[in-house]
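Structural characterization, general
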Amino acid sequence: MSGIGTGYDLYPTTFSPDGRIFQVEYAHKAVENSSTAIGLCCKDGVVFGVEKIILSKMLVEGTNRRVFSVGEHIGIATAGLTADGRRIVQNARQEAKNYENFTSDIIPIHVLTERLSIYVQVFTLYNYIRPFGCSLMIGSYDEEKGPSLYCIEPDSVALGFYGCAIGKGKQEAKTEISKLKLSEMTCKDAVKEIAKILIKTVHDETKEKEMELEMSWICKETKGKHKLVPKKLIEEAVEWVKGQENEED
Amino acid sequence: MFDLEKEFLSDLNKEVKTGTTVMAVTFKGGVIIAADSRTSSGSYAVNRVTDKLTPVHDQIYCLRSGSAADTQIISSYVSYYTNMFSIEEGSKPTVKKAAHMFREFLYQNKQYLHAAIICAGWDPIEGGSVYSLPLGGSIVKQPFSTGGSGSTYLYGYCDMNFKENMTEEEADKFVTYGITEAIARDGGSGGIVRKAIIDKNGVRRKTVYGNKLKKFWEK
């Protein structure tokens, strides 16, 4: 592992001879160490799901949040260093509030994404501040424009997705996501499918401890507001996944 | 003792104000805005052919009254920001957005400014809209609005003659006669009537020169 970028990997201000900035790539590794988060654009909204590893039985459920609201209409799910994610969300909230104060309109998601992208990029320029060690998925739903989902990585690249996964199990998750027909799926179905991917495909019961599912959505049903998926629906989804396992056995 | 300097030259050093009459009226399909053309500094007409119809964006205009310097700088700030935002967002700004930006500037700097603005235009969401932003920095959406020193002579005229959903011709007549009357009665207003019609097709500018202004009751 060490030795790959020796000499060129001390600061983000140094390029390697083959044109890479190793510090930013190491920031990606920090994201890959964290548990998986998934975002899906369905026909009537956007759903986020995060696999949260329960480190201790003493931890209260529902704390240590990985999904955040920015304004009422935008949700952000993080993977990587949670504290870094919170910092960027703080900035996002400030941007959204300033935009709203100045123009009396809510901030469009692609404007917020671009501004966050620019913000994240600043931290890849200097040797005295480190890049953010987290990736973010930003989602919103609008009656006219439909669902939108963007993903910002530590190198500040922001791309629009129909379905996206970040974190440890992103490769397996992306494979499963590509099998889904997202344009025909409703958000309620997506809750089940995300639960299935996180519980069955991504989470390794033998290696890791128990997990908790944190899910949120912005959809027609929530009238375009970012809300946590009701606990009942998540429990039903988990039951459904268990049912599926039994069928396959 | 008659002091020439004191009597005449002090007048010329007064702040340039647009003692003005401006009107903005919504009609079926858009808005029509109109203004007089006098900028005065005390009793000297600095400019008798002023254009007070200031573009902020493609289909959003503002009418300026109060201190000429204050209103010019604020409208150029709002024009800058609306242009920047429309590039960022990929769509034209609504009149509501531009009007609220005016409000931010006017309210946050109210101690330093003497500026009242009427922001009017057309956007696909609301159609024609008129927003009035008086001295203190408040904002109110209205079917029509008048401003400037000459507007005091128009309250009765407007209340009696305004109708919702007028045709373009009716609205054109409404504002032309209004400005004409204010020019006749208000010393701070004069010159020609400049008009702009803003609808979904864009902006059409018109002018009514002094000799063509209708004469109302006059001895």
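Described in the following lines is the structure provided in the data block. The structure presented is a predicted model; accordingly, all values stated were derived computationally and were not measured. (Residues numbered from 1 in each chain as written. Chains lettered and ligands numbered in written order. Predicted model: local features only at pLDDT ≥ 70, side-chain atom pairs only at ≥ 80, totals over all residues. Heavy atoms only, no water.)

So, about the pairing of strand β1 (residues 37–42) of chain A. All names here are of chain A. With six of its six residues buried, β1 lies for the most part within the structure. The two faces of β1 match: A37, G39 and C41 on one face and I38, L40 and C42 on the other face are all buried. Note that β1 and strand β8 (residues 163–166) share four bridges and pair antiparallel. Looking across to β8, one finds that G39 is bridged to C164. (Buried < 20%, exposed > 50% of the residue type's maximum accessible area, 1.4 Å probe, protein only. Helix = DSSP H or I, 4+ residues; strand = E, 2+ residues; numbered from the N terminus. Pairing = 2+ DSSP bridges.)

Here we come to the interface of chain A and chain B. Many structure descriptions define interface size as the accessible area lost when the parts assemble. Across the boundary between the two partners, chain A contributes ten residues, which contact eleven residues of chain B. When chain A packs against chain B, close to 990 Å² is buried across both sides, 57% of that on carbon and sulfur atoms. Contact with chain B buries surface across chain A, with F102, T103 and S104 of chain A losing the most and accounting together for 51% of the total. Scanning the region where chain A abuts chain B turns up two salt bridges. Residue E88 of chain B pairs with R115 of chain A through a salt bridge whose shortest N-O separation is 2.9 Å. Where chain A meets chain B, there are six residue pairs in polar contact (both at pLDDT 80 or more). Among the elements that make up the side of chain A that touches chain B, the one with the highest residue count is helix α2 (residues 82–103) of chain A (four residues). A per-class count over the side of chain A that touches chain B returns four nonpolar, four polar and two charged. (Contact = heavy atoms within 4.5 Å. Buried area = accessible area lost by both parts, 1.4 Å probe. Salt bridge = Lys/Arg side-chain N within 4 Å of Asp/Glu carboxyl O. Polar contact = N/O pair within 3.5 Å; in protein donor to acceptor, adjacent residues only side chain to side chain. Nonpolar A, V, L, I, M, F, W, Y, C, P; charged D, E, K, R; others polar.)

Let's shift gears to α2 of chain A. For an α-helix, the turn length of 3.6 residues means that residues three or four places apart are oriented alike. An ideal rise of 1.5 Å per residue puts 32 Å on 22 residues; α2 of chain A measures up with 31 Å between its terminal C-alpha atoms. Taken together, the buried positions of α2 of chain A are D84, G85, I88, V89, N91, A92, A96, Y99, F102 and T103 of chain A. The buried side chains of α2 of chain A occupy one side of the element, clustering within an arc of 160° when seen end-on. Taken together, the buried residues of α2 of chain A touch β3 (67–70), β4 (74–80), α3 (109–122) and β5 (134–142) of chain A together with α2 (68–89) and α3 (95–108) of chain B. (Expected span 1.5 Å × (residues − 1). Arc of directions from axis to C-beta.)

Read these as spatial facts, not as claims about activity.
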